[in-house]
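# Descriptive analysis of the structure
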Amino acid sequence: MLYIGGMGRSGSTLVERILGATPGVCGLGEVAQIWQRLGRDDVCSCGRLLSACDFWSAVGAEAFGGWHTVDLDRMSEQQSRLEALRMQPRLAGSRLPPELRAVIQRHAEHYARIYRAASAVSGSEVIVDSSKFSGLAFCLRWLPDLDLRVVHLVRDPRGVAFSFAKRVKQPPRDGCDEMPRLAPARSAMYWAVQNSAFGLMAWSCRRTAGRGADGPAPVRLCRLRYEDFVADPAAGLRTLADFAGVQPSAVELSDLDAGRVRLDLSHSVAGNPMRFVAGDIRLRADEAWRTGLVPRQRFAVTAICAPWLARYGYLGSGRPAARAVAGAQPAPR
């Protein structure tokens with residue numbers, strides 16, 4: 001199971017859609033939002049309401065005997081409590097009190113049942129969850145029988161800040177008619193926290209390796225910059241496919257080398273409006289922030305995120321090396 005983690009507006013929907021176009025891979029979108037989305041009966045990316053979507057109906061039947069058997073309000077409440085930022089230092093440890101470990105595992109098992117059911121319904125070996133939230137990833141690593149592989153997706157925080165400041169329309173039935181907005185300084189703080197959390201996970205995986213049955217399961221991690229992926233999507237797909245354990249076809253790679261990709265309708269439960277796009281699209285880096293982010297906003301974001309800008313190679317002009325995918329190396333385990 002491949003989990004895409006990081007900050008919102010970092011290109012996770014694009015990466016998930018391209019991965020999902022690979023044979024043997026099924027992208028589910030942001031599964032962390034499924035309890036709220038089912039409760040509101042929001043729209044699937046196929047265009048149908050979740051209650052009328054054949055795919056999600058089949059997944060619910062396979063996983064739980066039907067979504068009606070799941071207490072959605074309770075799952076949302078547990079999510080707020082167990083996946084919260086304050087829980088993550090405890091979940092990063094090598095041991096949990098037996099009672100808390102049992103609670104975390106029961107909670108995470110609901111997601112694992114969705115992943116297994118989606119694999120059975122789609123016939124795909126690899127399931128991609130682009131939830132991004134570090135809290136869910138920390139919970140999932142306490143499941144002993146889940147082959148969890150985490151892609152830490154990073155984007156320049158100035159691009160993220162500019163994206164969060166824009167008004168982005170989405171289908172009114174998709175919860176609301178506009179995606180959430182954040183002031184640049186606030187999005188920069190969230191960016192630093194989210195990326196630090198996945199740094200903590202990498203450190204925790206090194207520290208807890210081989211700690212026995214009572215500890216968290218081993219997790220493989222890799223880091224990928226959005227800018228590198230868009231600069232050379234074919235190389236990026238090869239790297240991610242190899243990390244996930246699948247083989248992309250020569251046809252897909254040739255299309256990506258030409259800077260385009262064909263996307264079919266998917267069954268993404270949540271994500272940005274690109275999840276509804278189908279057909280041929282051209283791939284290009286979104287660097288509108290370079291002229292759209294006013295100097296004081298750019299300075300604030302740079303000042304807040306300076307240590308991470310250096311760590312991820314965004315200092316100076318902020319322009320990534322052309323066609324570099326070196327950012328997608330396995331993180332230390």
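Procedures and definitions
Residues numbered from 1 in each chain as written. Predicted model: local features only at pLDDT ≥ 70, side-chain atom pairs only at ≥ 80, totals over all residues. Heavy atoms only, no water. 1 Å grid on protein atoms, 1.4 Å probe; cavity = no way out; pocket = protein on both sides within 12 Å on 5 of 7 lines; lining within 4 Å. Points joined across faces, edges and corners; volume = space filled by probe spheres on them. Helix = DSSP H or I, 4+ residues; strand = E, 2+ residues; numbered from the N terminus. Nonpolar A, V, L, I, M, F, W, Y, C, P; charged D, E, K, R; others polar. Salt bridge = Lys/Arg side-chain N within 4 Å of Asp/Glu carboxyl O. Buried < 20%, exposed > 50% of the residue type's maximum accessible area, 1.4 Å probe, protein only. Core = buried A, V, L, I, M, F, W, Y, C linked by side-chain atoms within 4.5 Å. Contact = heavy atoms within 4.5 Å. Pairing = 2+ DSSP bridges. Axes fitted to C-alpha atoms, helices over the stretch in contact; angles between N-to-C directions. Disulfide = S-S within 2.5 Å. Lys, Arg positive; Asp, Glu negative; His and termini not counted. Polar contact = N/O pair within 3.5 Å; in protein donor to acceptor, adjacent residues only side chain to side chain.

By volume, the largest pocket amounts to about 970 Å³. For the largest pocket, the lining is made up of 39 residues, of which G8, E30, Q33, S131 and F133 are closest to its centre. When contributions to the lining of the largest pocket are tallied by element, the ones reaching two or more residues are α1 (12–20), α2 (34–40), α4 (72–82), β3 (126–132), α7 (134–140) and α9 (184–208). Class assignment for the residues of the lining of the largest pocket results in 13 nonpolar, 18 polar and 8 charged. As a volume, the second largest pocket reaches approximately 540 Å³. Lining the second largest pocket we find 21 residues, and of these L14, Y226, N272, M274 and D286 sit closest to its centre. In terms of residue class, the lining of the second largest pocket is made up of 10 nonpolar, 5 polar and 6 charged.

On to the pattern of salt bridges, then. What the rule picks out here adds up to 14 salt bridges. When the shortest N-O distance is used, the salt bridge between R48 and D54 registers 3.5 Å. We note a salt bridge from R101 to D214, for which the minimum N-O separation is 4.0 Å. Taken together, the positions of R101 in helix α6 (residues 98–122) and D214 in the loop between α9 and β5 (220–225) put the pair 113 residues apart, joining distant regions of the chain. Residue D214 is classed as partly exposed on the basis of its relative accessible area, which comes to 40%. Salt bridges sharing common partners tie together R37, R40 and D42.

Next up on the list: the nonpolar core. Formed by 54 residues in total, the largest nonpolar core has its most connected members in L28, W56, W67, I114, Y115 and L140. When residues of this core are traced back to their parent elements, those giving at least two are α2, α3 (54–64), α4, α6, α7 and α9. In terms of residue count, the dominant contributor to this core is α6 (10 residues). Residue contacts for W56: discarding those within four places in its chain leaves L28, I34, C44, L50, W67, I114, H267 and V269. Formed by 30 residues, the second largest nonpolar core is a distinct cluster that contains I18, F229, F243 and I281.

Before going further, it helps to examine the environment of A112. Take A112: it is sitting in helix α6. Linking A112 and F138, residues 26 residues apart in sequence, is a C-alpha distance of 13 Å.

Once that is clear, we can look at the sheet that holds β5. Across the sheet, which stays open at both edges, the 5 strands sit in the order β2-β3-β1-β4-β5 with parallel pairing between neighbours. Edge positions in the open sheet fall to β2 (25–27) and β5, since each of these has one partner strand only. Taken over all neighbouring pairs, the strand axes of this sheet differ in orientation by 25 degrees on average, direction set aside. As judged from the 6 bridges shared by strand β4 (residues 149–154) and β5, these two strands associate in the parallel manner. Across the sheet, residue V150 finds its bridge partner in β5, namely L221. Across the sheet, α1 is in contact with β1 (2–6), β2, β3 and β4; its angle to β3 comes to roughly 175 degrees.

Once that is clear, we can look at the state of the cysteines. Tallied over the entire structure, the rule returns 0 disulfides. Not engaged in a disulfide, the cysteine C44 finds its nearest cysteine sulfur in C46; these two sulfurs lie 3.6 Å apart.

A word on α1. Taking burial as the measure, the 9 residues of α1 include 8 buried ones, the bulk of the element. Among all positions in α1, only S12, T13, L14, V15, E16, R17, I18 and L19 are buried.

This part covers the side chain of D129. Note that D129 resides in strand β3. Despite its burial, D129 remains without a salt bridge, the nearest opposite charge being carried by K132 at 8.0 Å. Within the local environment of D129, its side chain forms a polar contact with the backbone nitrogen of V31, the two atoms lying 3.2 Å apart. Dropping the residues within four chain positions of it, D129 is found in contact with M1, L2, Y3, I4, G29, E30, V31, A32, Y115 and L136.

By themselves, these figures tell us nothing about what the structure is for.
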